[in-house]
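# Reading the structure
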Amino acid sequence: MSFSLPDFRRKWSCRGYMSAGAAMVTVALGLSLVLTERAEARKYAAPLDIFGLGTPRPRARVHSAKIPLPRPRPEEAPKASDEGPPEAEGKPSPDKPGDNKPAEAAPPPEKQVSACRLALTEDIAVAPSIPDIRGPGACGGEDLVRLEAIVLPDKRKVAVKPAAILRCTMASAIADWVRKDMVPLAASLGSTISDLDNFDSFECRGRNRIVGAMLSEHGKANALDVRAIKLANGQSIGLTDRTMSRDVRERVLHSVCTRFSTVLGPGSDWYHEDHIHLDLAQRRNDYRICQWNVWDPLPQVAPLLPAERPEEAPPREVAAKPEAKEGADDEAAEKSSPPEDKSAPEKKAQPHKPATKKRR
């Protein structure tokens, strides 16, 4: 059977209608295929297809990678123990907390103890350590202690009243001063030391309590104000008491000026007239200040009457009174004199002579 284009055209004369129908059939078949593909594509949406029109790409097949096996263990190698390190019974491992107890935070590292703290033992002073103080500005300090008492070589205790908050270095200096200088002084007076009168220790303030002044050594816990040292026999060594022996106060002066970098007392300013200020302030070239005037003692009995005039003293000169005053005195004398008897004969008038006084 032969078929050619002219025969086709001749056989099918209504080719215009047939071409339109064929086109419609073709479009219908194409739409059915597209809708089917879209229905399958909805199950696996493409990542960049925001309208859902694209066809997802088929996934590539996953091939399992071949992992090489380790080499066999040599025979001469030591055998590995399967058992873990033995643990103490009842104590959980630090890395593995117990089942009943929650994991605790690691404790902060302990602060290293200073050399001063190690040297200031209970045989020297009762001075427990206290936490560091961080006050406003530069107030406070580190390595602080509360000096409650000083232990003497014979194990007796000198109470610090009230207890002083000081740096360890300052507390150690106070303890050495009392143990080595004040104990012999009290022994020379026939007694022993019982108390140390603490007038002021740590206080966050400026110098002399003036607002805006430079920070005092008291604000750094590096100073102590001492008013007196009390003895066991009831006597008190007042460091600024003028009734106390001058020799005793001078001995205290020399001892504190040797041990401390700053000593302020009477004569330095009117803020330190009733106590002694001691501190260990550090200055350039180890400069020291020692301003304490030891005044002479006051007389024990104040003289009430002047002393008697010695006999060999020359006589005192008395100035003569003015004539007007002397005339008035004479008139007053005449008035005070008794009236004269009229029957007596009249005496002859005598010239008036000025009165004179004898010298003593």
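Above this text you will find the structure in question.
Below, the structure is looked at part by part. Starting from 1, residues in each chain are numbered consecutively following that chain's sequence as written. This being a predicted model, a pLDDT of at least 70 is required before a residue's local features are given, and a value of 80 or more before pairs of side-chain atoms are given or counted; all residues contribute to the totals for chains, interfaces and linings. As a rule here, side-chain values cover all heavy atoms of the structure and leave hydrogens and water aside.

### Details of the pattern of salt bridges
Side-chain pairs of opposite charge can arise where the charged atoms are in close proximity. By definition, a salt bridge exists where a carboxyl oxygen of Asp or Glu is found within 4 Å of a side-chain nitrogen of Lys or Arg. Taken as a whole and judged by the stated rule, the model has 14 salt bridges. In this structure, the salt-bridge partner of Asp154 is Arg156, at a minimum N-O distance of 2.7 Å. Accessibility expressed as a relative area gives 44% for Asp154, which makes it partly exposed. The cut-offs for exposure are 20% and 50% of the maximum accessible area for each residue type, with area from a 1.4 Å probe on protein chains only; residues under the lower value are buried, those over the upper are exposed, and the others partly exposed. The class of Arg156 is partly exposed, set by a relative accessible area of 28%. Asp200 serves as the salt-bridge partner of Arg205, at 3.2 Å between the closest nitrogen and oxygen. Judged by relative accessible area, which is 10%, Asp200 ranks as buried. Taken together, the shared-partner salt bridges connect Asp200, Glu203, Arg205 and Arg209 into one network.

### Details of helix α5 (residues 246-259)
Spanning 14 residues, α5 covers 20 Å between terminal C-alpha atoms, matching the ideal 20 Å at 1.5 Å per step. Those residues of α5 that are buried are in contact with α4 (168-188), β9 (236-238), β10 (262-264), β11 (276-279) and β12 (289-291). In this description a helix means any DSSP run of H or I spanning at least four residues, a strand means any run of E spanning at least two, and both kinds are numbered starting from the N terminus. Here the expected length of a helix is defined as 1.5 Å per residue gap, with one fewer gap than residues. By the convention used here, residues are in contact when the closest approach between their heavy atoms is within 4.5 Å.

### Observations regarding the state of the cysteines
Simply put, the disulfide is a covalent bond whose two ends are the sulfur atoms of two cysteines. Two cysteine sulfurs form a disulfide in these notes if their separation is within 2.5 Å. Under the counting rule described, the total for this entry stands at 3 disulfides. In this model Cys139 forms its disulfide with Cys204; the gap between the sulfur atoms is 1.9 Å. Its S-S torsion of approximately 85° makes the covalent link between Cys139 and Cys204 right-handed. Residue Cys139 is located in the loop between β3 (133-134) and β4 (140-141), and its partner Cys204 is located in the loop between β7 (193-200) and β8 (223-231); the two are separated by 65 residues in the primary sequence. By relative accessible area, Cys139 is classed as buried at 6%. With its bonded cysteines labelled in order along the sequence, the chain shows the pairing 1-3, 2-4, 5-6.

### What to know about α4
Its 21 residues give α4 an end-to-end C-alpha distance of 30 Å, which sits within 8% of 30 Å, the value for a rise of 1.5 Å per residue. Along its length, α4 shows its largest kink, about 40°, at Met182, and proline Pro184 lies within four residues downstream of that point. Inspection of α4 places Cys168, Met170, Ala171, Ala173, Ile174, Ala175, Trp177, Val178, Arg179, Met182, Leu185 and Ala186 among the buried residues, and these make up the whole buried set. Residue Gly190 follows α4 closely and has a positive phi angle near 80°. The quantity called bend is, for any residue, the angle between two axes fitted respectively to the seven residues ending at it and the seven beginning at it.

### Digging into the nonpolar core
Counting 43 residues, the largest nonpolar core has Leu147, Ile174, Trp177, Val256, Phe260, Leu278 and Trp292 as the members making the most contacts within it. Among the elements of the structure, β5 (144-151), β6 (157-167), α4, β7, β8, α5 and β11 are those that each provide at least two residues to this core. In this structure Leu278 touches Met170, Ile174, Trp177, Asn222, Ala223, Leu224, Asp225, Val226, Val256, Phe260, Thr262 and Val263, once residues within four positions along its chain are discounted. What is meant by a nonpolar core is a set of buried Ala, Val, Leu, Ile, Met, Phe, Trp, Tyr and Cys residues, joined one to another through side-chain atoms within 4.5 Å.

### Re the pairing of β6
Relative to β6, β5 runs antiparallel, the two being bridged by 7 bridges. Looking across to β6, one finds that Leu144 is bridged to Arg167. When DSSP finds two or more bridges between a pair of strands, those strands are recorded as paired. The hairpin formed by β5 and β6 contains 5 residues between the paired strands, and Lys155 there has a positive phi angle of roughly 75°. Where β6 lies against β7, 3 bridges are found, and the strand directions are parallel.

### Focus: the environment of Ala171
Checked against the element boundaries, Ala171 lands in helix α4. Considered as a pair, Ala171 and Glu148 are 23 residues apart in the sequence and their alpha carbons are 10.0 Å apart.

### Some points on a nonpolar patch on the surface
Side chains of Ile210, Trp270 and Tyr271 sit close together on the surface and give an oily, nonpolar patch of about 350 Å² of accessible area. Following the sequence through the fold, Ile210 ends up in the loop between β7 and β8. Residues form patches when they are more than 30% accessible in relative terms and have no salt bridge. Like charges link within 9 Å. Nonpolar side chains (Val, Leu, Ile, Met, Phe, Trp, Tyr) link within 5 Å. The accessible surface values rely on the Shrake-Rupley method and a 1.4 Å probe; as for residues, cover is taken only from the protein chains in view.

### Here we look at the packing of α4 against α5
Only the contacting stretch of a helix is used when fitting its axis, a line to C-alpha atoms as for every element, and angles between N-to-C directions run 0 to 180 degrees. Viewed as axis vectors pointing N to C, α4 and α5 meet at an angle of 165°, and their least axial separation amounts to 11 Å. With respect to α5, the element α4 is oriented roughly antiparallel. Taken as a pair, α4 and α5 cross one another with a handedness that is right-handed. Of the residues in α5, those touching α4 at Asp176, Trp177, Lys180, Asp181, Met182, Pro184, Leu185 and Ser188 are Val248, Arg251, Val252, Ser255, Val256 and Arg259. Orientation labels follow simple angle bins: below 35 degrees gives roughly parallel, above 145 gives roughly antiparallel, 65 to 115 gives roughly perpendicular, and whatever is left gives oblique. Left-handed describes a crossing whose near helix is turned anticlockwise from the far helix by less than a right angle; the clockwise case is right-handed.

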